[in-house]
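Observations on chain architecture
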Amino acid sequence: MPPSNDMSNQAPPYSSYGYPSMQPAYRQGPASHTDSSPSQDLYSQSNYQQYSQPFPNLSQLSAALGGLSGVPELEVESLRPVNLLQERTLLPPRPLEAPEPNLTPDLKKVNCSPHVTSVTGSMMVRAQSLTTVDLLISLFNTAFCSLSVLFILTVSIAFRLQIITTLLFLSYLVPDEFMYNPVSRSYGEPHRRPEVQNSTVEFIASSDYMLRPPQPAAYLFVLDVSHNAVEAGYLKYFCESLLENLDRLPGDTRTRVGFLTFDSTIHFYNLQEGLSQPQMLVVSDIDDVFIPSHDSLMVNLKESKELVQDLLNSLPAMFSQTRETHSALGPALQAAFKLMSPTGGRVTVFQTQLPTLGAGLLQSREDPNQRSSTKHLGPATDFYKKLALDCSGQQIGVDLFLLSSQYADLSSLACISKYSAGSIFYYPSFHYIHNPAQLEKFQKDLERYLSRKIGFEAVMRIRCTKGLSIHTFHGNFFVRSTDLLSLANVNPDSAFAVQMSIEDSLADSSLACFQAALLYTSSKGKRRIRVHTLCLPVVNQLSDVYAGADVQAITCLLANMAIDRSISSSLSDARDALINAVVDFVNSYKSNVSSLQQSGLVCPSAMRLFPLYIHALLKQKALRTGTSTRLDERVFAMCEFKTQPLQQLMRMVHPDLYRLDNMSDQGALHLNDTVVPQPHLLHLSAERLSRDGAFLMDCGNVFYLWIGKCCSDMFIRDVLGIPNYASIPPNMLSVQILNADLFLEIKNLQAPLNPNNTVTVVQL
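Calculation criteria
- What you see as residue numbers is a count from 1 along each chain, following the sequence as written.
- Thresholds applied to this predicted model are a pLDDT of at least 70 for local features of residues and 80 or more for the giving and counting of side-chain atom pairs; totals over whole chains, interfaces and linings are not thresholded and use all residues.
- Only hydrogens and water are set aside; all other atoms, that is, all heavy atoms of the structure, feed into the side-chain values.
- Secondary structure is summarised from DSSP: a helix means a run of H or I of at least four residues, a strand means a run of E of at least two, and numbering begins at the N terminus for each.
- Categorising residues by exposure relies on relative accessible area from a 1.4 Å probe, with only protein chains included: less than 20% of the type maximum marks a residue as buried, more than 50% marks it as exposed, and the intermediate range marks it as partly exposed.
- Between two residues, a contact is recorded if the distance between any of their heavy atoms is within 4.5 Å.
- Using a 1.4 Å probe, the Shrake-Rupley method yields the accessible areas, and only the shown protein chains count as cover for residues.
- Note that patches include only residues with greater than 30% relative accessible area and no salt bridge, and the join distances are 9 Å for like charges and 5 Å for nonpolar side chains (Val, Leu, Ile, Met, Phe, Trp, Tyr).
- Basic side-chain nitrogens of Lys or Arg form a salt bridge, by our definition, when they fall within 4 Å of a carboxyl oxygen of Asp or Glu.
- Two cysteine sulfurs form what is called a disulfide whenever their separation falls within 2.5 Å.
- Should DSSP find at least two bridges between two strands, the strands are taken to pair.
- Aromatic pairs are defined between Phe, Tyr and Trp rings, using the six-membered ring for Trp, whenever the two ring centres lie within 6.5 Å; interplanar angles under 30 degrees are classed as stacked, those over 60 as edge-to-face, and all others as tilted.
- In this tally, Asp and Glu contribute negative charge and Lys and Arg positive charge; neither His nor the terminal groups of the chain are included.
- Between N or O atoms, a polar contact is any pair within 3.5 Å; within protein, one atom must be a potential hydrogen donor and the other a potential acceptor, and residues adjacent in sequence are included only when both atoms are from side chains.
- Interaxial angles span 0 to 180 degrees and are taken between N-to-C directions of axes, which are lines fitted to C-alpha atoms, for helices over the stretch in contact.
- The scheme is simple: roughly parallel for angles under 35 degrees, roughly antiparallel for over 145, roughly perpendicular for 65 to 115, oblique for anything else.
- Side-chain classes follow a simple rule in which Ala, Val, Leu, Ile, Met, Phe, Trp, Tyr, Cys and Pro form the nonpolar group, Asp, Glu, Lys and Arg form the charged group, and the remainder, Gly included, forms the polar group.
- For this analysis, a nonpolar core means a set of buried residues of the types Ala, Val, Leu, Ile, Met, Phe, Trp, Tyr and Cys, connected via side-chain atoms within 4.5 Å.
- Rotating anticlockwise by less than a right angle from the far helix to the near helix defines a left-handed crossing, while the corresponding clockwise rotation defines a right-handed one.
- Read the arc as the range of directions from the helix axis to the C-beta atoms.

Further remarks concern the overall build of the chain. Counting secondary structure elements, the chain contains 21 helices and 30 strands. Relative to its 764 residues, the chain shows a buried fraction of 58%. When contacts within the chain are restricted to residue pairs at least 6 apart in sequence, those whose partners lie at least 24 apart make up 78%. Carbon together with sulfur atoms contributes 51% to the accessible area of the chain, which is approximately 31,800 Å² in total.

Written as structure tokens, this is what we have:
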């Protein structure tokens, strides 16, 4: 399919400080739900005005809308008008799920899961001219996410391309080879082939997809060992974690590792097989960095494992008495680039302060009175961006761990990861003694980071139906061409967003198709092509688009656009644009869809959470006003919005709150002899908390366990292992559930959540 030729890296400008008008909606159940909170009666107080005008029933609504062209009758509920000034119980009982496209049962079974690919709407309008408002179309994709089932196929190049074309255009003209089904080993049933029956498949790539033979997995660790780093105390825990996970590093017998430390000089380590102990090689000329040895610094892990272990055991003590306060991060990165250029791979950088020597040195720019200034949200130098682009060209991805107690100019340092498809981890006020919460998070993140799967030498191409065009990408990558992203490394914890627009009419299509194809080298040295395919129905009426829009995807898209606006214009402009998006939505719904005359603030039932989500978004560190948010923390929050999967982002924006002390088997799911409790979601309001309860709030990267003063002693004893509320220690971070049945219930409740989350106990 021909790609779009119109694309840029900047979000389109918004007229009148607002985003283009849009039509988001979300297919959900009725707005009123039974709430298990003891404070439910607070919402029936007489001080809330009851509007006398009755809301229409479904048949009246359908008639008022003129009918729906492609939506089943039951989905009319998603367009039921809701007065936000009157109806306050808006949350559904369970976390929101993406709306299902209105497709045939056969197509639904093979359509891409929303956990892999989400889109801002489950239906596409046939022509942009049908509406006077602009549609926001975006695709969120976690192309390398972990899958329980993945079909791996071997086909010829030309045949593979024909398969993709066939799938996109749903053509019945297929090549002869496609008539054979490798699963059943029979002919004449092309519709039963794995790539037709599954939305995600992986092809084993031939040599035509290789510029060079697949390189071995290569890992270089670049460690800050200045006095500031020693005081923070991260080095000991890094070495312990890597020692524990050496055998879990993704790779095979060819896996290579290397180490580089730096302060005001750069230290290389000779780990060549046959040495009795590691040898340190020091390069003091940071203005003209060179590699002292090209054969013994990146070594085969299997052959030099004992030397690697010796080095990790000795590193913490080696620099424990250092008084060197300077940091030559830029020269260290230049050395890492030269060392990794022959093979490519992953560079992991640990930094604890502002770089003060050599190329890329930075000055403190943080003014407590101007922390939201646009000039401070962008990089102070282009050194790190240029070096990142050089790394990307040599298939080197750079991941940054910033463990700083002071300002380190993350807006500049982040460029080294952003443009090399790397990841960024930030631990403000990190100290191994004074901040145990950050230490625990660092240890869990590092364990996950070292053991998670990885792909090397990757590129990703996005294809879409003719009439749609790609114009903006969000995430960490380098844009190689209009629809092709260069990804030196890929991992299952990162996501990408793609903005599209309707350029031509889709009158000739009943389906709009999207496809993401990721070409990468596995850690075992295999070249693979992973393909995700999604199709959506094309409808004639704007009301159908409202019925199928995904409010969570729209919220995250607007967050990405607002972050771009914050950097290119100002934070206040970005906030105004978000507010205008809600205003535009309410006005466009009233003028383009609903012919019903209702008083109050009215929106479709499916869209009732949109104002709440935008209000929550304005409170995030990335976008909130004031000077209380440190500059590095704001920049890191912006980076997270650009790279985190959709489901993770939404828990950060609007956390899930449950009551734990009264969970029961009522409504629980029974899966494989396991009971999964289904407690109702609670509104994030103090009115929903009570002193006799215990509440769990999932914020995406941290859990908060709220314990009421009058909470049951039995629950406190079973969950916290202490006798009563008065015995709860301050700053409690870990929870050991002693009651086996309760442990299983809470564990099953958290099963879909991030296993690396930390738990903080808060007393009410």
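Quick look at a nonpolar patch on the surface now. Residues M280, V282 and M318 make up a contiguous nonpolar surface patch of about 250 Å² in total accessible area. Locating M280 in the fold gives a position in strand β12 (residues 279-283). Given a relative accessible area of 36%, M280 falls into the partly exposed group.

With that out of the way, let us pick up the state of the cysteines. Between two cysteines, a covalent bond joining their sulfur atoms is known as a disulfide. This model, assessed by the stated rule, comprises 0 disulfides. C145 forms no disulfide, and the closest cysteine sulfur to it belongs to C112, at a distance of 7.8 Å.

Here we come to the pairing of strand β14 (residues 345-351). Most of β14 is tucked away, with 7 of its 7 residues classed as buried. One ladder, built from 5 bridges, connects strand β9 (residues 218-224) with β14; its direction is parallel. If you follow L223 over to β14, its bridge partner there is F350. With 7 bridges connecting them, β14 and strand β15 (residues 396-402) associate as parallel partners.

Turning our eyes to something else, we now look at the pairing of strand β20 (residues 484-490). Of all 7 residues making up β20, 7 are buried, and the element is well covered by its neighbours. Examined bridge by bridge, strand β17 (residues 455-464) and β20 share 6 bridges and lie antiparallel to one another. Counted as the bridge partner of R461 is L484 from β20. As consecutive antiparallel partners, strand β19 (residues 478-481) and β20 are separated by 2 residues.

Counted under the stated rule, the structure contains 25 aromatic pairs. On the basis of an interplanar angle of 25° and a centroid distance of 6.4 Å, the ring pair of F585 and Y589 is categorised as stacked. You can see F585 and its partner Y589 sitting in helix α16 (residues 571-592), 4 residues apart, about one turn around the helix. These aromatic residues form a ring-pair network of at least three members: F221, Y234, F238, F259, F350, F401, F425, Y427, F430, F442 and Y449.

With respect to the secondary-structure elements, R346 resides in strand β14. We note that R346 is buried and unpaired, the nearest opposite charge coming from D399 at a distance of 4.2 Å. There is a polar contact of 3.2 Å between the side chain of R346 and the side chain of Y449. When neighbours within four sequence positions are excluded, R346 is seen to be in contact with A218, Y219, L220, L249, M340, G397, D399, Y449, L450, I454, F456 and N489.

As for its position among the elements, F715 is in helix α20 (residues 713-720). Taking the C-alpha atoms as reference, F715 lies 6.6 Å from D661; in sequence the two are 54 residues apart.

Closest axis-to-axis distance for the helix α15 (residues 551-568)/helix α19 (residues 646-653) pair is 10 Å, and the angle between their directions is 80°. Taken as axis vectors, α15 and α19 run roughly perpendicular relative to one another. Contacts between α15 and α19 involve Q552, A553, T555 and C556 from the first element and L646, L649 and M650 from the second. Its residues assigned to classes, the contact of α15 with α19 comprises 5 nonpolar, 2 polar and no charged.

Pairing within the open sheet is antiparallel, and its 4 strands lie in the order β2-β4-β21-β18. With one partner strand each, in any of the chains shown, β2 (117-119) and β18 (468-474) form the two edges of the open sheet. Going from strand to strand, the sheet's axes swing by 25° on average, the running direction of each strand aside. As paired strands, strand β4 (residues 137-141) and strand β21 (residues 496-502) are joined by 5 bridges and run antiparallel to one another. Bridging across to β21, L139 finds its partner in V498. This element, α15, spans β2, β4, β18 and β21 of the sheet and lies at about 100° to β4.

Bringing the environment of C603 into the picture now. Note on placement: C603 falls in strand β24 (residues 602-604). Overall, the relative accessible area of 1% leaves C603 in the buried class. Counting along the chain gives 13 residues from C603 to K590, while the straight-line C-alpha distance between them is 8.0 Å. Beyond its immediate sequence surroundings of up to four residues, C603 is in contact with R80, P81, V82, L84, F585, Y589 and R608.

M124, L487 and F514 are the most contacted members of the largest nonpolar core, which has 140 residues in total. Ranked by size, the runner-up nonpolar core spans 40 residues in total, among them Y219, L223, F259 and F350.

This next bit is on the pattern of salt bridges. Scanning the model with the defined rule gives 20 salt bridges in all. Across the pair R365 and D409 runs a salt bridge whose closest N-O atoms are separated by 2.9 Å. Pair noted here: R365 is in the loop between β14 and α9 (374-377) and D409 is in the loop between β15 and α11 (410-413), with a separation of 44 residues, a long-range link. Look at R365 and you get buried, because its relative accessible area is 17%. For the salt bridge of R651 with D698, the shortest nitrogen-to-oxygen distance reads 3.0 Å. Remark: D698 occurs in strand β28 (residues 694-698) and R651 occurs in helix α19; sequence separation between them is 47 residues. Judged by relative accessible area, which is 1%, D698 ranks as buried. Linked by salt bridges that have partners in common, E202, R528 and R530 make up one network.

With their axes 9 Å apart at the nearest point, α15 and helix α18 (residues 631-643) run at an angle of 140° to one another. The orientation of α15 with respect to α18, classified from their angle, is oblique. Handedness of the α15/α18 crossing: left-handed. Together, A559, N560, I563, D564 and S566 of α15 and M638, F641 and K642 of α18 make up the contact between the two elements.

A separate point is helix α10 (residues 383-393). Within α10, the full set of buried residues consists of F383, Y384, L387, A388, C391 and S392. Buried residues in α10, looked at end-on, bunch into an arc of 165°, giving them a common side. Seen from the open side of α10, the exposed residues pointing more than 90 degrees away from its buried face are K386 and G393. Of the surrounding elements, those touching the buried residues of α10 are α8 (329-340), β15, α11, α12 (415-418), β19 and β20. After α10 finishes, the residue Q395 shows a positive phi value of roughly 65°.

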